[in-house]
Amino acid sequence: MTPARSTTPGRCLAGLALGLAVVVAAAVAVLPLGHLFVTSLRVHEVTLEGGITHRVAGHVTRADGFVRYSLAPADDPDGELVPVREPEARVVAEGDRWSLAHYGDVLRSTRTPGLLRNSFVLAAGTALLALLLGLPIAAVLARVAFRGRRLLSVLLAGPLLLPPFFAAMGVSTSVGHVLASLGLSGGTLQLANAIVCLAGLLAPVPALLVGRALAAVPAGLVDAAVLAGGPGAARRAVVLPAVRPAIAASAALVFVVALTDFAVPDLLGVFLPDRATAVHVFATEIFLQWNRNGNVGRAVATGAPFVILVAVLLAFAFATLRRAPGGVLGGATRARPRVAWTGARACLPWLVAAPVLFLGLVLPVGSVMSWGFSPGRVIPTVRETAGLLDDTERWVRLGLLTAFVATAVAVALARAALRRGPAWRGVAALVGGLPLAVPGLVLMVGTLLLWLPLREKPNSLAMGAAVLVGRFLPYALAAVGLAMREVDPRLEEAARLSGASPTTLFGRIWGPLSSRGVVTSFLLVLVLALRELDAIQLIAPGIVPVRIYDKVHWGRTADVANLSMAYLGLLLVPALLAAVLFPRARGTGGDDPSSPESAAPTPRR
């Protein structure tokens, strides 16, 4: 019989930590988006003498005895805004009221079908190309033992760490010319360019996720299927059903990431190859409505179809992953031995991975270096760029604060989700799913509006950390949760029955056993925070990625190349630490990843 739990200082401290984590998660992820939704249900109106009421688009200003605002044409919500100037004496009232008018504008807009089409083409094309590039790599990583396998796995993480806007800078010209030579033109050329860019960056997602699923297929089931019907039957009846959830989930995740990206389609809309035409997707349209027109309600309403689609896809991805073999996210039964490739055949995996490494790593970096990069000019360029050193210090402090807070909150919430029942799993799913369902710039706008009463200035460390913690809390929850899942709950139960307090459990059992995963989560969030652009460009306009993004709009110069290489060098520090500290996966299905290179040759099935 389990002894009744008494209130102890350790238990009180654990409860306080969990309560604080919930407050922080709500403040950075739920409240900004909730505030935006409420804003989208309000319209601002100015009532004039004679009962004339104008629905304002943007802001109302009062100066020199006049009231100034803008109106959208009554018959065209997308038309050019008409400036209005009325004497204050004619203004009877000004205020907000509840209305679905912004959503009506989106439904009536002639741009909405085009946004839907462009966004779907971009996301679906990226997901399809990423699968075509990534699935062959998944097969060789899961089923083949060859020299350099670990190195290839590490290199495949490179495209995921490369900032998307950086990749767009590099591929915009070269890939655009190749696509134009194939006959593409107009908006199709820009979308195809963005698809190739994003697919090169995201192909490692299916490569690594589906590779884990393939490696996790239990050997016993495959052996039984081979005996019953041969290798073909084993592939159809065992292997394909086991990996199908991982394929579907990875495609959905790539679709969502491509759909929410702002920097790549925006930058490729600036650097248009010959015969290309600028097109908008949902992410760029949301930013346009807010930044150019100041129309927050319309911007949020514009993203409503987008958010619904992303939420459905995320739910689908998580549900399908739960049906994948146990080894995808944890341990499983005995896995199949890998086939050893030696000699000339050991080069084939590298040839299979070459397109991804080229598109996602070599081409972007090489193209930017070709703009005039000079190793000897990197430090002078940094020194000569006004205010860059101070902004870089602030940027690094912002990244470190974000990583610390996000990881601490993730530890508390992941622990509660794994040990306190389904209600806490729902809380973790809410704060982890909401930021993934919206573009980073939407979370940035919501945070800006929420913090307006505090009168925070640009480059505010607290506000920047708030938006970045909200943005990357899902990734911290995933990394910490996977690490904590590996801790056997029976160890904790035995210690609890022996009278161990929550503090003792943390200090001696689940804390040490999950520490490498927690440290890896910290470094992962640090890298993501330092590479982020979409969610931080208006809050911290002086940091390195924003400076590079702004500078490249004015031309591909040697200074941009030098700053970009310094930027990548800084990103490599936490990335390499994460690669070294990342816990070696326990063999999916009993297969030890440290052994494949020394595995004995196995007959091919």
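Structure first, text after, so check above.
Bear in mind the structure is a predicted one, so any value in this text is a computation, not a measurement. (Residues numbered from 1 in each chain as written. Predicted model: local features only at pLDDT ≥ 70, side-chain atom pairs only at ≥ 80, totals over all residues. Heavy atoms only, no water.)

Chemist: What should I look at first to understand the sheet that holds strand 6 (residues 91-98) in this one?
Modeler: Strands in a sheet are paired, the pairing made by backbone hydrogen bonds, and the direction either parallel or antiparallel. The strand order 2-1-6 describes an open sheet built from three strands, whose pairing is antiparallel. Every other strand in the sheet has two partners, leaving strand 2 (53-55) and strand 6 as the edge strands with one partner each. Strand after strand, the sheet turns through a mean of 25° between neighbouring axes, direction not considered. Alignment of strand 1 (residues 42-48) against strand 2, held across three bridges, turns out to be antiparallel. Bridging across to strand 2, Glu45 finds its partner in Arg55. (Pairing = 2+ DSSP bridges. Helix = DSSP H or I, 4+ residues; strand = E, 2+ residues; numbered from the N terminus. Axes fitted to C-alpha atoms, helices over the stretch in contact; angles between N-to-C directions.)

Chemist: I keep staring at the side chain of Glu45 and nothing clicks. Help me out?
Modeler: Inspection of the secondary structure puts Glu45 in strand 1. In this structure Glu45 comes out as buried when scored by relative accessible area, which is 15%. In terms of polar contacts, Glu45 uses its side chain to reach the side chain of Arg97, at 2.6 Å. Not counting the four nearest positions on each side in its chain, Glu45 is found in contact with Thr53, His54, Arg55, Ala93, Glu94, Gly95 and Arg97. (Buried < 20%, exposed > 50% of the residue type's maximum accessible area, 1.4 Å probe, protein only. Polar contact = N/O pair within 3.5 Å; in protein donor to acceptor, adjacent residues only side chain to side chain. Contact = heavy atoms within 4.5 Å.)

Chemist: Just to check I follow, could you spell out the environment of Pro204 for this structure?
Modeler: With respect to the helices and strands, the residue Pro204 is situated in helix 7 (residues 204-215). For Pro204, a relative accessible area of 0% corresponds to the buried category. Separated by 313 residues in the primary sequence, Pro204 and Gly517 have C-alpha atoms spaced 21 Å apart. Once residues within four sequence positions are removed from consideration, Pro204 is found in contact with Leu156, Pro159, Leu160 and Val356.

Chemist: Could you clarify how one ought to interpret the packing of aromatic side chains in this entry?
Modeler: Aromatic rings considered in pairs are described by the distance between their centres and by the relative angle of their planes. Under the defined criterion, the tally for this structure stands at six aromatic pairs. On the basis of an interplanar angle of 85° and a centroid distance of 6.1 Å, the ring pair of Phe165 and Tyr549 is categorised as edge-to-face. On the criterion of sequence distance, the pair formed by Phe165 in helix 5 (residues 164-181) and Tyr549 in helix 23 (residues 544-552) is long-range, its members being 384 residues apart. Exposure remark for Phe165: the relative accessible area of 1% places this residue in the buried category. Tyr549 sits in the buried class, given a relative accessible area of 4%. On the numbers, 6.0 Å between centres and 50° between planes, the contact of Phe472 with Tyr475 is tilted. With Phe472 and Tyr475 both in helix 19 (residues 461-485) and three residues apart, the pair spans about one turn of that helix. Aromatic ring contacts, followed pair by pair, group Phe165, Trp395, Tyr549 and Tyr567 into a single cluster. (Phe/Tyr/Trp six-rings, centres within 6.5 Å; stacked < 30°, edge-to-face > 60°.)

Chemist: Explanation requested: a nonpolar patch on the surface in the structure shown.
Modeler: A cluster of nonpolar residues, Phe37, Val38 and Trp98, forms a patch on the protein surface that exposes about 340 Å² of accessible area. Considering the arrangement of structural elements, one finds Phe37 in helix 1 (residues 9-40). (Patch = residues over 30% accessible without salt bridge, like charges linked within 9 Å, V, L, I, M, F, W, Y side chains within 5 Å. Areas by Shrake-Rupley, 256 points an atom, 1.4 Å probe, with all protein chains shown as cover. Salt bridge = Lys/Arg side-chain N within 4 Å of Asp/Glu carboxyl O.)

Chemist: Just checking my understanding: could you explain the nonpolar core for this structure?
Modeler: One recurring pattern in soluble globular proteins is that nonpolar side chains are buried together. Core analysis: the largest hydrophobic core is formed by 143 residues, its most contacted members being Phe165, Met169, Leu413, Val467, Ile536 and Ile548. Apart from residues no more than four positions distant in its own chain, Met169 is found in contact with Leu267, Val368, Trp371, Ile548, Val552, Arg556, Val560 and Ser564. Grouped together as the second largest cluster of nonpolar side chains are 15 residues, Ala213, Ala234, Val239 and Ala246 included. (Core = buried A, V, L, I, M, F, W, Y, C linked by side-chain atoms within 4.5 Å.)

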